[in-house]
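One-letter residues, chain by chain:
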Amino acid sequence: MHLNRLLVPLLAVCCFASQWVLGQNDNAPIDREFSLEASMVGYFGPDGTRNPTLRVKKGENVRISITNVELMTHDIALEKKGVKSKTIMEKGAHTSITFIAENSDVYYCSVPGHRAAGMVGNIEVVMGEITTKVVPGQLPQKDGQPLNLNFEAGTLKDWTATGSAFANALISQTPSPMHEKEMKIGFEGNYFVSSGGTLNAKATGTLTSVPFKITQPFAAFRVSGGALQDTRVELLDAATHKIIFSITGQGRSNLQPVVVDLQGHLNKDIYIKIIDDETGISQIPYIAHDKWAHINFDDFQFYPSRPEFPNELKQKDIIILPPLDPVLNAGLSGIEAAKAMTPPKGFKITLAAAEPNIVRPICFTIDARGRLWVVEAHTYPVPAPEGQGRDRILIFEDTNGDGTLDSRKVFMEGLNLVSGMEVGMGGVWLGAAPYLLYVPIDAKNDKPAGPPQKLLDGWGMQDTHETLNSLRWGPDGWLYGTHGVFTHSNVGKPGTPDSERTKINAGVWRYHPTTHQFEVFAEGTSNPWGIDFNDYGHPFITACVIPHMYHIIQNARYQRQAGKHFNPYTYDDIKTAADHVHWVGERGPHAGNFRSASKGGGHAHAGAMVYLGGSWPQEYRNEIFMNNINGARFNRDHPERKGSGYVVRHRDDFMAMNDSWSQWLNFKYDPSGSVFAIDWYDKNQCHSSNPDVHDKTMGRIFKITHENDKWVKVDLTKASDVELVNYQLHKNEWYVRQARTILQERGPNPKVHTALKEILAKNPDATRKLRALWALHVTKGLTEKELAALLSNNNEYVRSWAVQLLVENKAILPETLRKLEDLAKKDPSALVRLYLASGIQRLPLAQRWNIVEALSKKEEDIADHNLPLMIWYATEPLATVDAKRMLQWAEKSVMPNHLSYTIQRIAALGTNEAKNLLKELRSRLGQGSSHEHHETQMLIDKVLGNTAE
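Residues numbered from 1 in each chain as written. Predicted model: local features only at pLDDT ≥ 70, side-chain atom pairs only at ≥ 80, totals over all residues. Heavy atoms only, no water.

Novice: Explanation requested: unusual backbone geometry in the structure shown.
Specialist: Negative phi is the rule for most residues except glycine; trans is the rule for most peptide bonds. The residue after Y380, namely P381, is reached through a cis peptide bond having omega 10°. Note that the residue after A433, namely P434, is joined by a cis bond; omega there is 15°. Structurally, the position occupied by P434 is in the loop between β28 (427-432) and β29 (435-442). A positive phi angle, close to 55°, is found at M425, a residue other than glycine. Its location among the elements puts M425 in the loop between β27 (418-424) and β28. With relative accessibility at 12%, the residue M425 sits in the buried group. Here S470, not a glycine, exhibits a phi torsion of approximately 55°, which is positive. (Helix = DSSP H or I, 4+ residues; strand = E, 2+ residues; numbered from the N terminus. Buried < 20%, exposed > 50% of the residue type's maximum accessible area, 1.4 Å probe, protein only.)

Novice: What should I look at first to understand the packing of helix α5 (residues 750-762) against helix α6 (residues 766-778) in this one?
Specialist: The relative placement of two packed helices is expressed as an angle between their axes plus a distance between the axes. One way to put it is that α5 packs onto α6 with a least axis distance of 8 Å and a crossing angle of 150°. Considering the angle they form, α5 stands roughly antiparallel to α6. The handedness of the crossing between α5 and α6 is left-handed. Taking contact as the criterion, the partners of H753, L756, K757, I759, L760, A761 and K762 in α5 are, on α6, R768, K769, A772, L773, A775 and L776. Residues belonging to the contact of α5 with α6 are distributed by class as follows: eight nonpolar, one polar and four charged. (Axes fitted to C-alpha atoms, helices over the stretch in contact; angles between N-to-C directions. Parallel < 35°, antiparallel > 145°, perpendicular 65-115°, else oblique. Left-handed = near helix turned anticlockwise from the far one by under 90°. Contact = heavy atoms within 4.5 Å. Nonpolar A, V, L, I, M, F, W, Y, C, P; charged D, E, K, R; others polar.)

Novice: Which parts of the structure should I look at to understand the pattern of salt bridges?
Specialist: Under the defined criterion, the tally for this structure stands at 57 salt bridges. Across the pair E124 and R55 runs a salt bridge, and its minimum N-O distance is 3.9 Å. One end of the pair, E124, is in strand β8 (residues 120-126); the other, R55, is in strand β3 (residues 54-57), with 69 residues separating them in the sequence. With a relative accessible area of 31%, E124 lands in the partly exposed category. Judged by relative accessible area, R55 falls into the partly exposed class, the value being 40%. The closest approach of N and O atoms between R371 and D367, which form a salt bridge, is 2.9 Å. (Salt bridge = Lys/Arg side-chain N within 4 Å of Asp/Glu carboxyl O.)

Novice: Would you explain the sheet that holds strand β2 (residues 42-44) in this entry?
Specialist: Within the open sheet, the four strands sit side by side as β2-β1-β4-β6. Their pairing is mixed. The open sheet is flanked by β2 and β6 (94-100), the only strands paired with a single partner. Between one strand axis and the next, the sheet turns by 30° as a mean value, whatever way the strands run. The sheet contact formed by strand β4 (residues 61-68) and β6 spans seven bridges and is antiparallel. Its bridge partner being in β6, T67 is matched across the sheet by H94. (Pairing = 2+ DSSP bridges.)

Novice: Would you take a moment to explain the pairing of strand β39 (residues 539-542) for this structure?
Specialist: What you see with β39 is no split at all: P539 and I541 on one side and F540 and T542 on the other are buried throughout. The sheet contact formed by strand β38 (residues 531-533) and β39 spans three bridges and is antiparallel. When the sheet's bridge partners are listed, I531 is paired in β39 with I541. Counted along the chain from β38 to the antiparallel partner β39, the turn is five residues long, and its residue G537 has a positive phi close to 75°. Examined bridge by bridge, β39 and strand β40 (residues 549-551) share three bridges and lie antiparallel to one another. Within β40, the position partnered with I541 by the bridge is Y550. Counting the residues between successive antiparallel strands, the hairpin from β39 to β40 contains six residues, one of them, V545, with a positive phi of roughly 70°.

Novice: Please explain α6 as it appears in this structure.
Specialist: One turn of an α-helix holds 3.6 residues; hence residues three or four places apart share an orientation. The end-to-end C-alpha separation of α6 is 18 Å, in line with the 18 Å expected for 13 residues at 1.5 Å each. Burial analysis of α6 places 13 of its 13 residues in the buried class, which makes it a mostly covered element. K780 occupies a position one or two residues after α6 and carries a positive phi of about 60°. (Expected span 1.5 Å × (residues − 1).)

Novice: Looking at this structure, I do not really get the sheet that holds strand β41 (residues 557-560). What am I missing?
Specialist: Pairing between the strands of a sheet is mediated by backbone hydrogen bonds and can be parallel or antiparallel. With mixed pairing, five strands are arranged side by side in an open sheet as β32-β33-β36-β37-β41. Two strands close off the open sheet at either side, each with one partner strand: β32 (469-473) and β41. Across this sheet, the average inter-strand angle for adjacent strands is 25°, counted without regard to direction. Strand direction decides the pairing type here: strand β33 (residues 479-483) and strand β36 (residues 507-511), joined by five bridges, are antiparallel. Bridge pairing in β36 links T482 to V508.

Purely geometric numbers; function is a separate question.
Structure representation (C-alpha cells):
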C-alpha cells in the first residue's frame, strides 16, 4: 500500500483547473513514441533511466505515454509548448500527450510540488540520425587470465560468498525466477548475480571478488535493486580496505551501467564487494515485505576512456534510504498498548478508556469540570445524507483519580462528519462540514438544550480528512480552527450570497462567539490538524507533507503545499519556523515514510499542544508536542524567540508508542497538569473515501502523568467572579483558559475589571499581565484610550498585544493612529513592529502610509523571518490608492524585494498612468553607467511588455 494519503492530517490529492492544451495531431501517424513510468521520484524509461533525455527530430509527430506505478496523482506536460495530458491517479493508469517537435523543451509533472520532487526531464530536438554509440570494454585480468567478473563462467569462480543472500546467486533466465515476472532485468551475456528478490528478500550476506589491478582509468558495471544504504556495491583498496566507490540501486529492476573514474588509483589493487544487509522484512502489518531489499550486479569491465551509456545510473538520481524503522508491536489491546510505550523517566502511561467504550475518537476537549468531551466519528470518511449522520458526542470522567475514565455519558447522537469540537460559552461548538454548529447545553442533565444551530455553512467536503478541525479558544475570546489545502470552502452565514462569503482552502480561521464574525486569520500551509497558544498568546500549528511547524501571525500568508494564494500579488510567502523536518531524504517527505525514526518519524503530524500544565518539569513548559503518525511517536519541538518571531528546534522525541497501529490525533492537559490523548487506533494510516478501508471497532484514550501530578476534582462553573480572576495567576494554564471563557460568558463586571486592571498594572510577570489583558478584553473591560496607553508599556509583549486588540474592530481614533505611527518609527522591538505590520492590514488603506514607510526603513529587520513580507502584505493594496507614492516608498525601502514587488504590482494595474510611472523609473535608472540597476531595468522591460499585450 502506498502511504501517500494518510488519515488525519495527511496528504490528499486534487486536480486543478488550468488553461493547458490537452493535445494536438492525435489522429496523425506517430513518428516517434516514448513510454515512461511515472512515480513521485521521476519518470523512468524502459531501460531504467530516470528522467531520460528524449531525442526527437524536428517536425516529427511525437507521443509520450506515461503509466502510473503508484497511487498518486500524476500527469505530463511540456513547459514551452503548453501541452498537458489528463491527470491520472490510480496505479496502472495511462495517459499521454501528442505534439509536433519544433524546439527543445522540458517535460514535467504539473501537479504542485511534483516537479520539485524530481519529475522533470528534457526533450532534445536533434539534426541528423538518432543513434547510440556502443563502447567496448575489457575484463580485468589476474595472472594473465580474465576474471569472472561478468559471471559468464556460469559459476562464482573468483568470488567468495558469506551469509545466505548469495547462496544461489547466479541467474540465467528471463524473466528471473527470483523476481516478479514483469520485472525486466536486462542483463548482459548469459548470467548475472542477485542477492534476492521476491523469493529471497529476507536473506542477507556479501559477495566479494578476488583482488585485481587497475589497468585502465575508467570502469563500468551494471547494478539494480534497492535504493537502500544496506544494499550496495563497493570498490575497496586491497591494501587498506578503504572504500573508494560505493553505489546502490535506485529501487528498480533494470540493470543500469555505472561509470567509475579510477584515474587516481591506477596500478593499485582493488576488489569488489556486493553487500546485502537489508532483510526487507516489514514490521508494519499492512506494508508488504520490501521486494527491493536486494542487489543485482553484472559485467564489471575496464575502459581506456570514459564510456557513455544512454541509461547510465548516476548517484544524483538515487534517493538512498535508511533501513525500515523497527516497529515492535501491532494490534495490541489497550492495556498492552499502554505498556508498550516508552515515556521519559518520571512519567507513566495509563489506559483511560478503550473499545468498546470509545470507538474512532476524532476530536475532543476538556470542560471546566475536567471532563473529556469526545466525538466518535462513525460517519467518516463518507458524509451521510442530511439528517442521517451517525457521529456522537460522549462525556467521560475520572471520578476517583485512578486514571481510568469510569463515567461515560452519551451527550448527543445523529451528527454528521464531525471533525472538530470545543465547549464553552454555554454550548458545544462543532466543525461538521458543511456547517459550523452550536449546540446549547442543558448543564444540569448533560443533554442538548435545543437542536444544533447552523452558524456558518459553505465548508467544503472535497477531501473529508481536510475539513475544518482543531477548534480551540484563543486568548482573545475568538474560536480558532484549522483547515486543509485540498478542501475548498466558501464560508458565510446560511443564505449569504457567494459574493459576500470568505474563501479558505488552507490556513487558520476564527469565529467570534458573540459578534458572530468569521475571518481567515492566516492563509497557507498544507493540512494543519492542530493549533495551540504559548504563554504569550502566540499560536503555532502543526502540518503535513511540507515542513511541519508554523508560528502563526494574523494576516500572514504561508508556504502552501498546493494551489495559489487568493491574493495574486503575494509574490512570496513565509516559510516554516522550524529549522528541521521530521523525515529523511532530500526529495520530499514520502520517501522517508517508515524510515525516519532518527529524524522524528515521518512527515505526517496530528495534534498540537504547547504544554502549560504547570506540574511537569520546567524544561517542558512552552514546548510544542505533536504526534507523528508514520513514526508512532510523540514529537517535541522547542520554540526559541528570534527577531520578530521564533525559530523552532527539534528536541528528543518525548516517547515512542512502539505500535504501528497507534494514531494519536489530539492531546490536552487537564486540571492536574496531566495530558489526555485520543488514539484513532487502526492498522491503516491512509485516508480513503472507501469506508471499508478503516477499522470501525477500535479507539483508545491514554493519560500521561508525571510523578509531580496531583489529581484534583474541580468545577470552575461554580467559582465566584473573584475566584475566576485569581485563576488568571494559576501556574496551570487550564485554569486560566477555563476561567477566562467563563468570565467572557458571564459578561462585563466592574469588580472583575478593577481586579484585572490591578494585575495588569502591578504584576511584574509579563505572562500574568497578558492574562489580565486578555480577560479584560473578552469581558469588555478596556476602552480604546486605556488600550492605547498600553502602547507605551515597558514590555514588548504587552505593547504588541495592545496593537492587535486596538485594531480588532477595524477602526481607531485619530490619536490612536498617531501613536501607532510613532511606535512604527521608534519602537525597539521587532515583535511590536510585526504586530504593527499585521494589525494595519485591518485598517483603511489611507491610514497605513506613515506606518509602512517607517517600518520599511528598519535596517535591523532586513533579514527577519517575517517582517519584510508582512510589510509587503500591508502595503501592496496601496497601489490602487496612489501608485506614485507607493513607487517612491519602494525606492526608499531597505527591505529585500520591495522594489521588484512594487514594479509588478503597479504593472498589474494596467493603466497608462502605471505604465508611465514605470517608464519614468526605467529612464531614471538608466541614466548612470552603473550595472547596479540592471535587473530592475530588465524587470520593468518585462512587465511593460506584458502590460502592452
